[in-house]
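Listed below, chain by chain, are the residues.
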Amino acid sequence: EAGVAQSPRYKIIEKRQSVAFWCNPISGHATLYWYQQILGQGPKLLIQFQNNGVVDDSQLPKDRFSAERLKGVDSTLKIQPAKLEDSAVYLCASSALSRVGQFFGPGTRLTVL
Amino acid sequence: DAKTTQPNSMESNEEEPVHLPCNHSTISGTDYIHWYRQLPSQGPEYVIHGLTSNVNNRMASLAIAEDRKSSTLILHRATLRDAAVYYCILSWGSQGNLIFGKGTKLSVKP
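Residues numbered from 1 in each chain as written. Chains lettered and ligands numbered in written order. Predicted model: local features only at pLDDT ≥ 70, side-chain atom pairs only at ≥ 80, totals over all residues. Heavy atoms only, no water.

Residue and element names in this part refer to chain A. Taken in spatial order, the 4 strands make up an open sheet running S1-S3-S8-S7, and their pairing is antiparallel. Both outer strands of the open sheet, strand S1 (5-7) and strand S7 (65-68), are each paired with one neighbouring strand and no more. Between one strand axis and the next, the sheet turns through 15 degrees on average, direction left out of account. Bridge count for S1 against strand S3 (residues 19-24) is 3 bridges, and the pairing is antiparallel. Across the sheet, the residue bridging to glutamine 6 is cysteine 23, located in S3. (Pairing = 2+ DSSP bridges. Helix = DSSP H or I, 4+ residues; strand = E, 2+ residues; numbered from the N terminus. Axes fitted to C-alpha atoms, helices over the stretch in contact; angles between N-to-C directions.)

Let's shift gears to unusual backbone geometry. Excluding glycine, a negative phi dihedral is what most residues carry, and trans is how most peptide bonds are arranged. Residues and elements named next belong to chain A. Residue proline 8 is reached from serine 7 by a cis peptide bond, and omega for that bond is -10 degrees. Structurally, proline 8 can be placed in the loop between S1 and strand S2 (10-13). The omega torsion of the bond from glutamine 80 to proline 81 falls at -5 degrees, within 30 degrees of zero and hence cis. Position of proline 81 relative to the elements: it lies in the loop between strand S8 (75-79) and strand S9 (88-95). Its identity is not glycine, yet lysine 71 carries a phi of approximately 60 degrees, on the positive side. Inspection of the secondary structure assignment puts lysine 71 in the loop between S7 and S8. You can call lysine 71 exposed: its relative accessible area is 80%. (Buried < 20%, exposed > 50% of the residue type's maximum accessible area, 1.4 Å probe, protein only.)

Moving on, we come to the interface of chain B and chain A. At the interface, 16 residues of chain B touch 23 residues of chain A. For the pair chain B and chain A, the summed buried area comes to about 1,400 Å², and 49% of that belongs to carbon and sulfur atoms. Going through the elements one at a time, strand S3 (31-38) and strand S4 (45-50) of chain B are the ones with two or more residues in the side of chain B that touches chain A. A per-element tally of the side of chain B that touches chain A places S3 of chain B first, with 3 residues. (Contact = heavy atoms within 4.5 Å. Buried area = accessible area lost by both parts, 1.4 Å probe.)

A separate point is the layout of surface pockets. Considered as a void within the structure, the largest pocket measures approximately 710 Å³ in volume. Lining the largest pocket are 32 residues, with Gln37, Leu39 and Gly40 of chain A together with Gln38 and Ser41 of chain B sitting closest to its centre. Taken together, the elements giving at least two residues each to the lining of the largest pocket come down to S9 and strand S11 (108-112) of chain A together with strand S8 (84-92) and strand S9 (104-109) of chain B. Among the elements that take part in the lining of the largest pocket, S11 of chain A stands out by supplying 4 residues, more than any other. By residue class, the composition of the lining of the largest pocket is 15 nonpolar, 13 polar and 4 charged. (1 Å grid on protein atoms, 1.4 Å probe; cavity = no way out; pocket = protein on both sides within 12 Å on 5 of 7 lines; lining within 4 Å. Points joined across faces, edges and corners; volume = space filled by probe spheres on them. Nonpolar A, V, L, I, M, F, W, Y, C, P; charged D, E, K, R; others polar.)

Next up on the list: empty space enclosed by the protein. Regions of empty space are outlined by a rolling probe, equal in size to a water molecule, passed over the atoms. One pass over the structure, following the stated rule, counts 1 cavity of 30 Å³ or more. Empty space within the largest cavity amounts to approximately 60 Å³. Lining the largest cavity we find Tyr33, Ser95, Val100, Gly101 and Gln102 of chain A together with His34, Tyr36, Ser94, Gln95, Gly96 and Leu98 of chain B. Residue composition of the lining of the largest cavity, by class: 4 nonpolar, 7 polar and no charged.

Given below as structure tokens:
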């Protein structure tokens, strides 16, 4: 089966600019996650969707971050405006309700200058 | 959420077994133990999970202490491709959210 797809793989922006990341989960996976991974740390969950509804967004900085999952398939994560501390790898993962284990994409490495 | 404690780093020789320890003294009865690994420049990869009994799959074995306060991930024969950061994670229920720590960085020497 095809894995989780993410784009772009790399993005460099200036602070106060906006940026968007795209994720296409594994076909049929109802649950989709966005994580932020700062260098040297483990991934931190930002938001979890089940189909097109938000299950958990308690760690999402809602003043600047937003995410949507239209039609319960693809998802986009947006940062507006970006800060220096947003420099990180943004990982998307998906999972099936019937099976344990999250499948991660390769991530988008964001550098904010 | 329950926390886990892992060594920051470990070294192994190629083709030898590796035992990666994890302490989770505050684990509750409904917490599952998951292991993921992250190779350089890649997203994390599911390795194995368990609740009470030892588990085996094609990638590794998971040995869970009788009191469930610790567990060990066993790679039976390390290869250079096993060099990665290994995360031990507890989740409420088998599909609960994962809270990643810093993990153990495993180096494998040829």
